[in-house]
Amino acid sequence: TRDRQGLIETAHGLGMLYRLAGQPKAAAGCYRQMLRLNNRDRSIEVRALNGLMESRIAAGQLTQLDQFIDRLRRIARESGDTRNIAQSTYSIGLAHLRLHQLDQADQHFQTALALAATLGSDRLQLACINNLGEVYRYRGDLRAADQCYRRSVRFAMERGWTSIAAVARLNLALLYLTS
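Everything numeric in this text was worked out from a predicted model, so none of it was measured. (Residues numbered from 1 in each chain as written. Predicted model: local features only at pLDDT ≥ 70, side-chain atom pairs only at ≥ 80, totals over all residues. Heavy atoms only, no water.)

Okay, the packing of helix H7 (residues 122-139) against helix H9 (residues 162-178) next. How two helices pack is summed up by the angle between their axes together with the distance between the axes. With their axes 11 Å apart at the nearest point, H7 and H9 run at an angle of 10° to one another. With respect to each other, H7 and H9 are oriented roughly parallel. Here Arg123, Leu126, Asn130, Glu134 and Arg137 of H7 lie close against H9, whose contacting residues are Ile164, Ala168, Asn171 and Leu175. Across the contact of H7 with H9, the residue classes tally to 4 nonpolar, 2 polar and 3 charged. (Axes fitted to C-alpha atoms, helices over the stretch in contact; angles between N-to-C directions. Helix = DSSP H or I, 4+ residues; strand = E, 2+ residues; numbered from the N terminus. Parallel < 35°, antiparallel > 145°, perpendicular 65-115°, else oblique. Contact = heavy atoms within 4.5 Å. Nonpolar A, V, L, I, M, F, W, Y, C, P; charged D, E, K, R; others polar.)

With phi around 65°, glutamine 64 is a residue other than glycine that occupies positive phi space. Positionally, glutamine 64 belongs in the loop between helix H3 (42-58) and helix H4 (65-79). Within the chain, histidine 100 stands out as a residue other than glycine whose phi angle is a positive 60°. Tracing the chain through its elements places histidine 100 in the loop between helix H5 (82-98) and helix H6 (102-119).

The subject of this paragraph is the pattern of salt bridges. Counted under the stated rule, the structure contains 14 salt bridges. One salt bridge connects arginine 74 with glutamate 78, and the closest N-O pair in it is separated by 3.6 Å. You can see arginine 74 and its partner glutamate 78 sitting in helix H4, 4 residues apart, about one turn around the helix. Its relative accessible area of 43% is what places arginine 74 among the partly exposed residues. Judged by relative accessible area, which is 40%, glutamate 78 ranks as partly exposed. Residue aspartate 122 is joined to arginine 159 by a salt bridge in which the shortest nitrogen-to-oxygen separation is 2.8 Å. Taken as a pair, aspartate 122 in helix H7 and arginine 159 in the loop between helix H8 (142-158) and H9 lie far apart in primary sequence, 37 residues in all. Its relative accessible area of 27% is what places aspartate 122 among the partly exposed residues. With relative accessibility at 29%, the residue arginine 159 sits in the partly exposed group. (Salt bridge = Lys/Arg side-chain N within 4 Å of Asp/Glu carboxyl O. Buried < 20%, exposed > 50% of the residue type's maximum accessible area, 1.4 Å probe, protein only.)

What follows is the structure, given as structure tokens:
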């Protein structure tokens with residue numbers, strides 16, 4: 001009980017497991033616990049806020065996202081870590097997408113994509129490309145959405161990530177069904 005860092009890492013791990021298991025409300029509780037246990041470490045706060053915001057979005061809890069966006073943006077910048085800034089920018093883009101604020105979502109995904117490419121973060125790049133496809137689909141720009149989804153498929157297949165490529169293929173199929 002005195003190992004604050006161990007408790008924080010345990011809460012983070014459990015939060016990720018709950019998200020993978022499709023239990024975003026339980027995951028959000030773990031990320032809130034990380035925030036309670038944290039002792040002003042900006043990197044931990046960024047990880048917790050990213051997880052909390054993405055969990056709330058997955059659970060459909062879209063109220064008060066603006067508060068999380070402002071806090072996450074500020075803390076990520078204060079951390080001075082480009083990885084934190086890239087992941088936070090992506091999470092903020094995801095929030096804007098779910099709130100149908102498409103211009104802001106587009107801007108954040110483009111920025112996160114550039115940062116992820118600089119960092120060599122393939123998974124973040126792929127997530128950005130796929131979600132840019134969502135932005136374009138919501139806007140009705142089916143050609144741009146198609147290009148993003150196809151790029152996602154190629155990107156994932158080049159890395160042997162067949163299950164992730166399947167998600168991009170499903171997005172392509174949904175696109176064709178709606179056009």
